[in-house]
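Below are the chains, spelled out letter by letter.
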Amino acid sequence: MSSSSSSTKTLLSLSLLFTLCALSQATYPGLILTLVNNCPYTIWPALQPNAGHPVLERGGFTLHSLTHRSFPAPTAHWSGRIWARTGCNYQHGKFYCATGDCGGRIECDGLGGAAPATLAQFALHHGHADFSSYGVSLVDGFNIPLTVTPHEGKGQCPVVGCRANLLETCPAVLQFRSHGGHGPVVGCKSGCEAYKTDELCCRNHYNSPQTCKPSTYSQFFKHACPATFTYAHDSPSLMHECSSPRELKVIFCH
(Lines give C-alpha, C1' and ligand atoms only; values in the text may rest on other atoms or scores of the structure.)
Protein backbone atom coordinates (compact mmCIF):
# COMPACT_ATOMS: atom_id res chain seq x y z
CA MET A 1 0.00 0.00 0.00
CA SER A 2 1.40 3.40 -0.92
CA SER A 3 2.16 5.94 1.77
CA SER A 4 -0.22 8.46 0.16
CA SER A 5 -3.10 5.96 0.29
CA SER A 6 -2.31 5.19 3.94
CA SER A 7 -2.20 8.90 4.78
CA THR A 8 -5.53 9.45 3.05
CA LYS A 9 -7.14 6.65 5.07
CA THR A 10 -5.66 8.03 8.27
CA LEU A 11 -7.06 11.50 7.50
CA LEU A 12 -10.46 10.01 6.70
CA SER A 13 -10.42 8.08 9.96
CA LEU A 14 -9.53 11.20 11.92
CA SER A 15 -12.20 13.20 10.08
CA LEU A 16 -14.79 10.53 10.92
CA LEU A 17 -13.67 10.51 14.55
CA PHE A 18 -14.00 14.31 14.84
CA THR A 19 -17.42 14.15 13.19
CA LEU A 20 -18.60 11.48 15.62
CA CYS A 21 -17.29 13.51 18.55
CA ALA A 22 -19.10 16.60 17.29
CA LEU A 23 -22.32 14.62 16.79
CA SER A 24 -21.93 13.11 20.24
CA GLN A 25 -21.60 16.54 21.81
CA ALA A 26 -24.61 17.79 19.86
CA THR A 27 -26.70 14.77 20.81
CA TYR A 28 -25.49 14.56 24.42
CA PRO A 29 -24.95 18.12 25.62
CA GLY A 30 -23.54 18.85 29.05
CA LEU A 31 -25.59 19.91 32.03
CA ILE A 32 -28.34 22.38 31.17
CA LEU A 33 -29.81 24.94 33.56
CA THR A 34 -33.40 25.95 32.82
CA LEU A 35 -35.33 28.71 34.56
CA VAL A 36 -39.11 28.45 34.21
CA ASN A 37 -41.59 31.21 35.04
CA ASN A 38 -44.93 29.61 35.90
CA CYS A 39 -46.08 32.78 37.67
CA PRO A 40 -48.92 34.89 36.22
CA TYR A 41 -46.54 37.87 36.10
CA THR A 42 -43.09 38.79 34.81
CA ILE A 43 -40.08 38.08 37.02
CA TRP A 44 -36.40 38.98 36.72
CA PRO A 45 -34.24 35.94 37.63
CA ALA A 46 -30.80 36.67 39.03
CA LEU A 47 -27.70 34.47 39.31
CA GLN A 48 -24.75 35.08 41.63
CA PRO A 49 -21.62 32.90 41.60
CA ASN A 50 -19.64 32.16 44.72
CA ALA A 51 -16.18 33.74 44.83
CA GLY A 52 -13.88 32.52 42.07
CA HIS A 53 -16.63 31.27 39.76
CA PRO A 54 -17.88 32.93 36.55
CA VAL A 55 -21.07 34.96 36.23
CA LEU A 56 -23.73 33.11 34.20
CA GLU A 57 -26.05 34.89 31.77
CA ARG A 58 -24.60 38.24 32.86
CA GLY A 59 -26.19 37.72 36.25
CA GLY A 60 -29.82 38.40 35.39
CA PHE A 61 -32.53 38.92 32.81
CA THR A 62 -36.27 39.39 32.23
CA LEU A 63 -38.48 36.30 32.11
CA HIS A 64 -42.09 36.79 31.07
CA SER A 65 -45.00 34.77 32.44
CA LEU A 66 -45.21 31.16 31.19
CA THR A 67 -41.82 31.27 29.44
CA HIS A 68 -38.46 29.68 30.17
CA ARG A 69 -34.79 30.19 29.44
CA SER A 70 -32.23 27.40 29.10
CA PHE A 71 -28.45 27.72 28.97
CA PRO A 72 -25.44 25.42 29.42
CA ALA A 73 -23.95 25.16 32.89
CA PRO A 74 -20.17 25.51 33.22
CA THR A 75 -18.39 22.26 32.40
CA ALA A 76 -16.13 22.62 35.45
CA HIS A 77 -17.05 22.98 39.11
CA TRP A 78 -19.38 25.93 39.76
CA SER A 79 -21.29 27.09 42.80
CA GLY A 80 -23.70 29.93 43.41
CA ARG A 81 -27.31 30.90 43.87
CA ILE A 82 -30.36 31.79 41.80
CA TRP A 83 -33.36 33.84 42.86
CA ALA A 84 -36.20 35.86 41.33
CA ARG A 85 -36.68 39.59 41.53
CA THR A 86 -40.28 40.78 41.60
CA GLY A 87 -42.08 44.05 41.09
CA CYS A 88 -39.36 45.53 38.89
CA ASN A 89 -39.81 48.71 36.87
CA TYR A 90 -38.13 51.90 35.75
CA GLN A 91 -38.77 54.95 37.88
CA HIS A 92 -37.15 58.31 37.23
CA GLY A 93 -34.75 56.67 34.80
CA LYS A 94 -33.65 53.99 37.25
CA PHE A 95 -34.37 50.26 37.36
CA TYR A 96 -35.63 49.02 40.71
CA CYS A 97 -37.18 45.78 42.04
CA ALA A 98 -39.53 45.48 45.02
CA THR A 99 -37.76 42.25 46.09
CA GLY A 100 -34.36 40.72 45.33
CA ASP A 101 -32.96 43.96 43.88
CA CYS A 102 -29.24 43.84 42.97
CA GLY A 103 -28.11 47.44 43.02
CA GLY A 104 -30.65 48.69 40.50
CA ARG A 105 -29.47 46.56 37.57
CA ILE A 106 -31.22 44.21 35.18
CA GLU A 107 -27.96 42.26 34.76
CA CYS A 108 -26.63 41.77 38.29
CA ASP A 109 -23.13 40.88 37.02
CA GLY A 110 -22.15 39.06 40.21
CA LEU A 111 -23.95 41.22 42.76
CA GLY A 112 -26.17 39.66 45.43
CA GLY A 113 -29.83 40.41 45.98
CA ALA A 114 -31.66 42.26 48.73
CA ALA A 115 -33.52 40.19 51.33
CA PRO A 116 -36.11 38.82 51.60
CA ALA A 117 -35.67 36.38 48.71
CA THR A 118 -36.17 32.65 48.15
CA LEU A 119 -32.80 31.19 47.08
CA ALA A 120 -31.91 28.14 45.01
CA GLN A 121 -28.35 27.09 45.87
CA PHE A 122 -26.07 24.97 43.69
CA ALA A 123 -22.67 23.27 43.65
CA LEU A 124 -22.20 21.69 40.22
CA HIS A 125 -19.70 19.11 38.97
CA HIS A 126 -17.95 17.91 42.12
CA GLY A 127 -16.97 14.59 43.64
CA HIS A 128 -16.06 11.28 42.05
CA ALA A 129 -19.48 10.79 40.40
CA ASP A 130 -19.93 14.26 38.85
CA PHE A 131 -22.35 15.31 41.58
CA SER A 132 -24.58 18.34 41.33
CA SER A 133 -25.72 19.45 44.77
CA TYR A 134 -28.75 21.68 45.17
CA GLY A 135 -31.10 23.02 47.81
CA VAL A 136 -33.58 25.80 48.49
CA SER A 137 -33.00 28.30 51.28
CA LEU A 138 -35.41 30.52 53.19
CA VAL A 139 -32.64 31.69 55.52
CA ASP A 140 -32.87 35.13 53.86
CA GLY A 141 -36.68 35.03 53.88
CA PHE A 142 -39.20 34.39 51.08
CA ASN A 143 -40.46 36.32 48.08
CA ILE A 144 -41.70 33.70 45.60
CA PRO A 145 -42.46 29.94 45.52
CA LEU A 146 -39.81 27.91 43.70
CA THR A 147 -38.57 24.35 43.29
CA VAL A 148 -35.45 22.73 41.89
CA THR A 149 -36.26 19.78 39.64
CA PRO A 150 -33.44 17.53 38.32
CA HIS A 151 -33.82 15.39 35.20
CA GLU A 152 -32.09 12.09 34.30
CA GLY A 153 -29.73 12.08 37.25
CA LYS A 154 -28.66 9.03 39.26
CA GLY A 155 -28.95 8.47 43.00
CA GLN A 156 -30.73 10.90 45.30
CA CYS A 157 -32.39 13.42 42.99
CA PRO A 158 -35.59 14.66 44.66
CA VAL A 159 -37.61 17.71 43.71
CA VAL A 160 -37.11 20.21 46.55
CA GLY A 161 -38.29 23.69 47.35
CA CYS A 162 -41.20 25.72 48.61
CA ARG A 163 -44.45 25.56 46.65
CA ALA A 164 -46.53 27.42 49.22
CA ASN A 165 -47.20 31.13 48.76
CA LEU A 166 -46.00 32.34 52.16
CA LEU A 167 -47.00 35.92 51.36
CA GLU A 168 -50.54 34.90 52.28
CA THR A 169 -49.64 33.47 55.70
CA CYS A 170 -46.58 35.51 56.71
CA PRO A 171 -46.80 36.73 60.34
CA ALA A 172 -47.34 40.48 60.64
CA VAL A 173 -43.94 41.02 62.27
CA LEU A 174 -42.19 39.45 59.26
CA GLN A 175 -44.21 41.07 56.48
CA PHE A 176 -42.22 43.06 53.94
CA ARG A 177 -44.34 45.59 52.08
CA SER A 178 -43.60 47.55 48.92
CA HIS A 179 -43.71 51.33 48.57
CA GLY A 180 -41.74 51.99 51.71
CA GLY A 181 -43.87 49.70 53.84
CA HIS A 182 -47.23 51.09 52.75
CA GLY A 183 -47.94 48.77 49.80
CA PRO A 184 -48.98 45.11 49.56
CA VAL A 185 -46.97 42.29 51.14
CA VAL A 186 -44.27 41.31 48.60
CA GLY A 187 -41.93 39.38 50.88
CA CYS A 188 -41.68 37.53 54.19
CA LYS A 189 -38.61 38.47 56.21
CA SER A 190 -36.50 36.08 58.26
CA GLY A 191 -36.32 36.61 62.01
CA CYS A 192 -32.74 37.82 61.47
CA GLU A 193 -33.83 40.46 58.96
CA ALA A 194 -36.71 41.57 61.16
CA TYR A 195 -34.83 41.88 64.47
CA LYS A 196 -31.12 41.78 63.52
CA THR A 197 -30.03 40.09 66.77
CA ASP A 198 -26.94 37.88 66.99
CA GLU A 199 -29.06 34.97 68.19
CA LEU A 200 -31.55 35.08 65.30
CA CYS A 201 -28.79 35.81 62.76
CA CYS A 202 -26.47 33.11 64.17
CA ARG A 203 -23.61 35.60 64.52
CA ASN A 204 -20.68 35.80 66.93
CA HIS A 205 -21.30 33.49 69.92
CA TYR A 206 -24.26 31.93 68.08
CA ASN A 207 -22.33 31.06 64.92
CA SER A 208 -21.99 27.29 65.44
CA PRO A 209 -24.21 24.22 65.13
CA GLN A 210 -24.27 24.00 68.94
CA THR A 211 -25.47 27.56 69.57
CA CYS A 212 -27.41 28.41 66.36
CA LYS A 213 -30.86 26.98 66.95
CA PRO A 214 -34.29 27.15 65.27
CA SER A 215 -36.53 30.03 66.35
CA THR A 216 -40.27 30.50 66.24
CA TYR A 217 -39.68 32.49 63.05
CA SER A 218 -37.61 29.83 61.30
CA GLN A 219 -40.17 27.25 62.43
CA PHE A 220 -42.88 29.16 60.53
CA PHE A 221 -40.90 28.63 57.32
CA LYS A 222 -40.01 25.02 58.20
CA HIS A 223 -43.62 24.06 58.90
CA ALA A 224 -44.74 25.45 55.53
CA CYS A 225 -41.77 24.15 53.51
CA PRO A 226 -39.98 21.27 55.32
CA ALA A 227 -37.50 20.59 52.48
CA THR A 228 -35.80 24.00 52.77
CA PHE A 229 -33.03 25.52 54.86
CA THR A 230 -34.62 27.93 57.34
CA TYR A 231 -31.72 29.04 59.57
CA ALA A 232 -27.95 29.27 59.16
CA HIS A 233 -27.01 25.89 60.66
CA ASP A 234 -30.01 23.90 59.47
CA SER A 235 -29.50 20.24 58.55
CA PRO A 236 -26.76 19.73 55.88
CA SER A 237 -28.78 16.75 54.57
CA LEU A 238 -31.14 19.26 52.94
CA MET A 239 -28.46 19.79 50.26
CA HIS A 240 -29.01 16.89 47.85
CA GLU A 241 -26.37 15.26 45.65
CA CYS A 242 -27.53 14.06 42.25
CA SER A 243 -25.05 12.27 40.01
CA SER A 244 -24.74 13.50 36.40
CA PRO A 245 -28.19 15.05 35.85
CA ARG A 246 -28.88 16.12 32.27
CA GLU A 247 -30.84 19.21 33.36
CA LEU A 248 -31.61 21.19 36.51
CA LYS A 249 -34.80 23.23 36.39
CA VAL A 250 -35.57 26.12 38.69
CA ILE A 251 -39.34 26.50 38.49
CA PHE A 252 -40.86 29.67 39.91
CA CYS A 253 -44.48 29.39 41.12
CA HIS A 254 -44.34 25.60 40.72
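This one's a predicted model, so the numbers in the text were calculated from it and none came from an experiment.

What to know about the overall build of the chain
Moving on, step 1. Broken down by element type, the chain carries 5 helices and 15 strands.
Moving on, step 2. Put simply, 64% of the contacts in the chain that link residues at least 6 apart link residues at least 24 apart.
Moving on, step 3. Surface accessibility of the chain: about 13,100 Å² in total, with carbon and sulfur atoms responsible for 56%.

Points about the state of the cysteines
A covalent bond between the sulfur atoms of two cysteines is referred to as a disulfide.
Moving on, step 1. Going through the model one piece at a time under the given rule, you end up with 8 disulfides.
Moving on, step 2. For C39, the disulfide goes to C253, at an S-S distance of 2.0 Å. Looking along the S-S bond of the C39-C253 disulfide, the torsion reads about 90 degrees, which is the right-handed sense. Taken together, the residues span a long stretch of sequence, with C39 in the loop between β1 (32–37) and β2 (44–49) and C253 in the segment after β15 (247–252) at a distance of 214 residues.
Moving on, step 3. For C39, a relative accessible area of 0% gives the class buried.

Description of the nonpolar core
Moving on, step 1. If you look at the biggest cluster of nonpolar residues, it comprises 27 residues, and the most contacted ones within it are L35, I82, F122, L124, V250 and F252.
Moving on, step 2. Of all the secondary-structure elements, those providing two or more residues to this core are β1, β4 (78–85), β7 (119–126), β8 (131–137), β9 (146–151) and β15.
Moving on, step 3. Counting residues in hydrophobic clusters, the runner-up holds 10 residues, among them L166, L174, C188 and F220.

What about unusual backbone geometry?
Moving on, step 1. Between A115 and the following residue, P116, the backbone shows a cis peptide bond with an omega angle of 0 degrees.
Moving on, step 2. In this structure, P116 sits in the loop between β6 (94–96) and β7.
Moving on, step 3. Notably, H92 is not glycine yet its phi reads approximately 55 degrees, a positive angle.
Moving on, step 4. Along the chain, H92 turns up in the loop between β5 (89–91) and β6.
Moving on, step 5. Notably, H125 is not glycine yet its phi reads approximately 55 degrees, a positive angle.

Focus on the sheet that holds β8
Moving on, step 1. Taking strand neighbours across the sheet as the criterion, the 6 strands line up as β2-β4-β7-β8-β14-β10 in an open arrangement whose pairing is antiparallel. Of all the strands in the sheet, the pair left with one neighbour each is β2 and β10 (154–155).
Moving on, step 2. Pairing analysis gives 2 bridges linking β10 to strand β14 (residues 240–243), with the strands arranged antiparallel. Residue K154 lies in a different strand from β14, and its bridge partner there is S243.

Side note on the pattern of salt bridges
Moving on, step 1. Applying the stated rule across the entire model yields 6 salt bridges.
Moving on, step 2. Residue R81 pairs with D140 through a salt bridge whose shortest N-O separation is 4.0 Å. Residue R81 is located in strand β4, and its partner D140 is located in the loop between β8 and β9; the two are separated by 59 residues in the primary sequence.
Moving on, step 3. Under the relative-accessibility criterion, R81 is labelled partly exposed at 26%.
Moving on, step 4. Notably, a salt bridge pairs K196 with E193, separated by 3.6 Å at the nearest N-O pair.
Moving on, step 5. Its relative accessible area of 29% is what places E193 among the partly exposed residues.

Description of the environment of H240
Moving on, step 1. By the element assignment, H240 lies in strand β14.
Moving on, step 2. Taking the relative accessible area as the measure of exposure, H240 reaches 19% and is therefore buried.
Moving on, step 3. Sequence separation between H240 and Y134 is 106 residues; the distance between their C-alpha atoms is 5.5 Å.
Moving on, step 4. Those residues in contact with H240, other than ones at most four positions away along the chain, are S132, S133, Y134, Q156, P158 and V160.

Thresholds applied
Throughout, a residue's number is its position along its own chain's written sequence, starting from 1. Only residues with pLDDT of at least 70 get local features here, since the model is predicted, and only at 80 or more are side-chain atom pairs given and counted; chain-wide, interface and lining totals rely on the full set of residues. As a rule here, side-chain values come from all non-hydrogen atoms in the structure, and water together with hydrogens is ignored. Note on conventions: DSSP H or I runs of at least 4 residues are helices, E runs of at least 2 residues are strands, and numbering of each starts at the N terminus. Should any heavy atoms of two residues lie within 4.5 Å, those residues are counted as being in contact. Method for areas: the Shrake-Rupley scheme with a 1.4 Å probe, in which residue coverage is limited to the protein chains shown. Disulfide: a pair of cysteine sulfur atoms within 2.5 Å of each other. Throughout, exposure labels follow a simple rule: accessible area from a 1.4 Å probe, protein chains only, divided by the maximum for the residue type, with under 20% read as buried, over 50% as exposed, and the rest as partly exposed. Take the buried residues of types Ala, Val, Leu, Ile, Met, Phe, Trp, Tyr and Cys, join any two whose side-chain atoms come within 4.5 Å, and each joined set is a nonpolar core. When DSSP finds two or more bridges between a pair of strands, those strands are recorded as paired. Each reported salt bridge corresponds to a side-chain nitrogen of Lys or Arg within 4 Å of a carboxyl oxygen of Asp or Glu.

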